[in-house]
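# Residue-level structure breakdown
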Amino acid sequence: MDARRGRRWATTGSLGRRTQHSSASAIGRRFAEQIDHDAHALVTTDGGRPAARAVVDRARDRQDPWPRGSRGGAMILAITPNPALDVTYTVDDTRLHEVNRVREVRTEAGGKGVNVAKVLAQLGEPVTCAGPLGGPAGDELRRRLAATAGRPGTSDADDAATDNADAADANAAGTADAGTDSAHAPAQADPLLRQAWTWIDGTTRRTLAVVDANDATGLYEPGPQLSAAEVQQLLADVGALLTGAIPPIEAVTISGSLPGGMSGEDLATLIAAIRETGRPVLVDTSGPGLLTAARAGATVLKPNAEEAMEATGESTALDAARALCELGAGTVVCSLGGEGMLGLQPVEAVDRTAATTVRAWRARLPQALDGNPTGAGDSVVAALASTVLLGRTDLPIALRRAVAVGASAVTRPVAGEIDLELIDQLEPTVTIEEI
């Protein structure tokens with residue numbers, strides 16, 4: 001029997017200590033106490049400067065036009081309603097109904113929001129992961145994210161090193177004591193990435209991606225079934241983060257499908273609660289949830305073309321994105337795969353004197369890059385969160401950045417990785433046209 005059954009744990013801060021709780025008010029109070037005690041956990045020093053600030057200083061020293069983490073102490077909250085432990089098989093060629101020899105196996109913390117968080121950390125942005133997590137797969141996801149966040153992924157041959165890093169980081173943090181549940185002993189390798197999961201009785205799902213020289217094939221397990229109490233606990237934990245986190249949460253992303261037991265109404269409630277606190281929220285989902293997010297007033301929606309057309313019933317990506325704007329979304333960015341992406345905004349967000357109701361731009365590279373498209377959309381979300389969502393730039397410039405970031409992700413073997421040098425090379429080549 002699982003020793004945690006019947007308890008609900010929230011992992012808070014980069015040290016990841018759990019506080020047993022029974023009410024939303026207790027969550028917020030204890031969360032604030034924990035963060036206050038560990039206020040310097042995020043900003044480990046680098047030459048006498050906080051790590052997040054040191055990234056900014058180094059970028060400024062080299063006159064980088066996109067300084068990494070230029071908001072310093074600001075935090076982005078990346079919510080993954082249905083996280084997953086991602087397994088990637090690399091093969092020479094995928095052949096259905098035949099034996100396929102696997103050349104390499106990689107196991108990573110995954111789910112769309114987790115991938116967003118990993119890319120944000122690589123871009124130098126402080127980020128906190130939240131969502132429901134449970135079972136052995138959830139434990140392994142947490143371990144792997146703590147040990148590899150913000151760095152290239154590890155293969156299964158490196159499992160022992162991951163375990164050693166897990167234990168070493170927990171001991172260094174001073175949290176691997178006798179009173180700590182060893183199954184959730186904290187580990188933290190990247191000072192820019194925190195974990196704040198809501199622990200559930202179910203088991204986190206796994207996904208399998210088979211990647212060959214031409215494309216990727218995905219096999220996704222269903223997620224766990226959340227109880228009504230667990231959904232309410234998740235909403236309460238997010239509320240506690242929004243009101244008590246230090247550094248404060250400045251923007252929120254919600255990425256991926258909803259688990260069983262979490263309804264569109266719950267998603268609308270979550271978006272409304274975020275908006276009521278004054279934070280912008282970017283939503284990347286599909287199906288009816290996409291319409292729900294638009295009607296709830298999501299600041300930014302980021303579907304791909306197929307998802308947008310399926311949800312709205314429109315026959316073109318442009319018409320589908322326009323329909324989502326008309327439903328209430330502030331900005332819609334629609335991925336077009338190798339053809340780049342569309343970005344639409346109501347005119348009141350750009351030019352109040354314009355005669356039309358929506359302005360639209362298309363951004364694309366001169367030539368699409370080949371590789372693994374898994375996670376490219378999540379990298380686009382991270383780029384949008386660090387630019388347009390935080391109000392750092394206008395939409396056309398953000399689209400240029402997002403195309404470059406997404407294209408760099410295609411060249412990486414697993415989701416949640418980007419190539420910073422390639423981004424800098426690609427960005428000036430992205431063309432922007434208003435349509």
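See the structure printed just above.
This report concerns the structure included in the present document. Remember, it's a predicted structure, so these values are computed and weren't measured experimentally.

## Here's the deal with the overall build of the protein
Across its full length, the protein holds 13 helices and 20 strands. Residues counted as buried form 54% of the 435 residues belonging to the protein. Of all intrachain contacts in the protein linking residues separated by at least 6 positions in sequence, the fraction that spans at least 24 positions is 68%. Accessible surface, the protein as shown: approximately 17900 Å² in total, 50% of it carbon and sulfur.

## Thoughts on the sheet that holds strand 7 (residues 102-110)
Strand order across the open sheet formed by 4 strands is 7-6-12-13, with mixed pairing between neighbours. One side of each edge strand has no neighbouring strand; the edge strands of this open sheet are strand 7 and strand 13 (216-220). Here the strands of the sheet are splayed against their neighbours by 20° on average, with no regard to which way each runs. Inspection of the sheet shows strand 12 (residues 205-211) paired to strand 13 by 5 bridges, in the antiparallel sense.

## Focus on the packing of helix 3 (residues 112-122) against helix 11 (residues 376-385)
Direction vectors running N to C along helix 3 and helix 11 enclose 55°, while the axes themselves pass 8 Å from each other. Comparing the axis directions of helix 3 and helix 11 gives the class oblique. Once helix 3 is placed against helix 11, the crossing between them reads as right-handed. Residues Lys112, Asn115, Val116, Val119 and Leu120 of helix 3 lie in contact with helix 11, whose contacting residues are Asp378, Ser379, Val381, Ala382 and Ala385. Taken together, the residues of the contact of helix 3 with helix 11 sort by class into 6 nonpolar, 2 polar and 2 charged.

## Regarding unusual backbone geometry
For residues other than glycine, phi is negative in most cases, and the peptide bonds are mostly trans. A cis amide bond links isoleucine 246 with the next residue in sequence, proline 247, at an omega value of -5°. Relative to the elements of secondary structure, proline 247 occurs in the loop between helix 6 (228-244) and strand 14 (249-255). Although it is not a glycine, histidine 97 sits at a positive phi angle of roughly 65°. Overall, histidine 97 belongs to the exposed group, its relative accessible area being 85%.

## Things to note about the sheet that holds strand 10 (residues 193-195)
What the 10 strands build is an open sheet, ordered 10-8-5-14-15-16-17-18-19-20; its pairing is mixed. Each edge of the sheet is formed by a strand with only one pairing partner; in this case those strands are strand 10 and strand 20 (431-434). Inspection of the sheet shows strand 17 (residues 331-335) paired to strand 18 (residues 341-346) by 4 bridges, in the antiparallel sense. The residue bridging cysteine 334 from the neighbouring strand is leucine 342, located in strand 18. Across the sheet, helix 7 (residues 264-276) is in contact with strand 5 (75-79), strand 14 and strand 15 (281-284); its angle to strand 14 comes to roughly 165°. Of the strands in this sheet, strand 5, strand 14, strand 15, strand 17 and strand 18 touch helix 11, which is tilted by about 170° from strand 15.

## Overview of the packing of helix 11 against helix 12 (residues 395-410)
Contact geometry for helix 11 and helix 12: axes closest at 8 Å, N-to-C directions at 145°. Here helix 11 runs over helix 12; the crossing is right-handed. Contacts between helix 11 and helix 12 pair Ala376, Ser379, Val380, Ala383 and Leu384 from the former with Ala398, Arg401, Ala402, Val405, Gly406, Ala409 and Val410 from the latter.

## Digging into the nonpolar core
For soluble globular proteins, nonpolar side chains are generally found buried alongside one another. Of all hydrophobic cores here, the largest spans 52 residues; its most connected members are Trp197 and Leu384. Mapped by element, the contributors of at least two residues to this core are strand 5, helix 3, strand 8 (127-130), helix 4 (135-148), strand 19 (358-364), helix 11, helix 12 and helix 13 (420-426). When residues of this core are assigned to their parent elements, the largest contribution, 9 residues, is made by helix 12. Ile274, Val281, Ala298 and Leu342 belong to the second-largest nonpolar core, a separate cluster that totals 45 residues.

## Quick look at helix 10 (residues 317-327)
Every buried residue of helix 10 is accounted for by Ala317, Ala320, Ala321, Ala323, Leu324 and Cys325. Structurally, helix 10 contributes buried residues whose contacts are with helix 8 (288-295), strand 16 (300-301), helix 9 (305-312), strand 17, strand 18 and strand 19. Looking at the residues trailing helix 10, positive phi occurs at glycine 328, about 135°.

## Quick notes on the environment of leucine 395
Assignment of secondary structure puts leucine 395 in helix 12. Given the relative accessible area of 1%, leucine 395 is considered buried. Between the C-alpha atom of leucine 395 and that of valine 332, which follows or precedes it by 63 residues, the distance is 10.0 Å. Setting aside its immediate chain neighbours within four residues, leucine 395 contacts Thr331, Val333, Gly343, Leu344, Gln345 and Trp361.

## A short note on helix 7
For helix 7, which comprises 13 residues, the first-to-last C-alpha distance of 18 Å matches the rise-based estimate of 18 Å (1.5 Å per residue) to within 8%. Among all positions of helix 7, only Asp266, Leu267, Leu270, Ile271 and Ile274 are buried. The arc that holds the buried residues of helix 7, viewed along the axis, is 135°, so those residues lie on one side. What points out from helix 7, more than 90 degrees from its buried face, is the exposed set Glu265 and Glu276.

Conventions and cut-offs
- Residues numbered from 1 in each chain as written.
- Predicted model: local features only at pLDDT ≥ 70, side-chain atom pairs only at ≥ 80, totals over all residues.
- Heavy atoms only, no water.
- Helix = DSSP H or I, 4+ residues; strand = E, 2+ residues; numbered from the N terminus.
- Buried < 20%, exposed > 50% of the residue type's maximum accessible area, 1.4 Å probe, protein only.
- Contact = heavy atoms within 4.5 Å.
- Areas by Shrake-Rupley, 256 points an atom, 1.4 Å probe, with all protein chains shown as cover.
- Pairing = 2+ DSSP bridges.
- Axes fitted to C-alpha atoms, helices over the stretch in contact; angles between N-to-C directions.
- Parallel < 35°, antiparallel > 145°, perpendicular 65-115°, else oblique.
- Left-handed = near helix turned anticlockwise from the far one by under 90°.
- Nonpolar A, V, L, I, M, F, W, Y, C, P; charged D, E, K, R; others polar.
- Core = buried A, V, L, I, M, F, W, Y, C linked by side-chain atoms within 4.5 Å.
- Expected span 1.5 Å × (residues − 1).
- Arc of directions from axis to C-beta.

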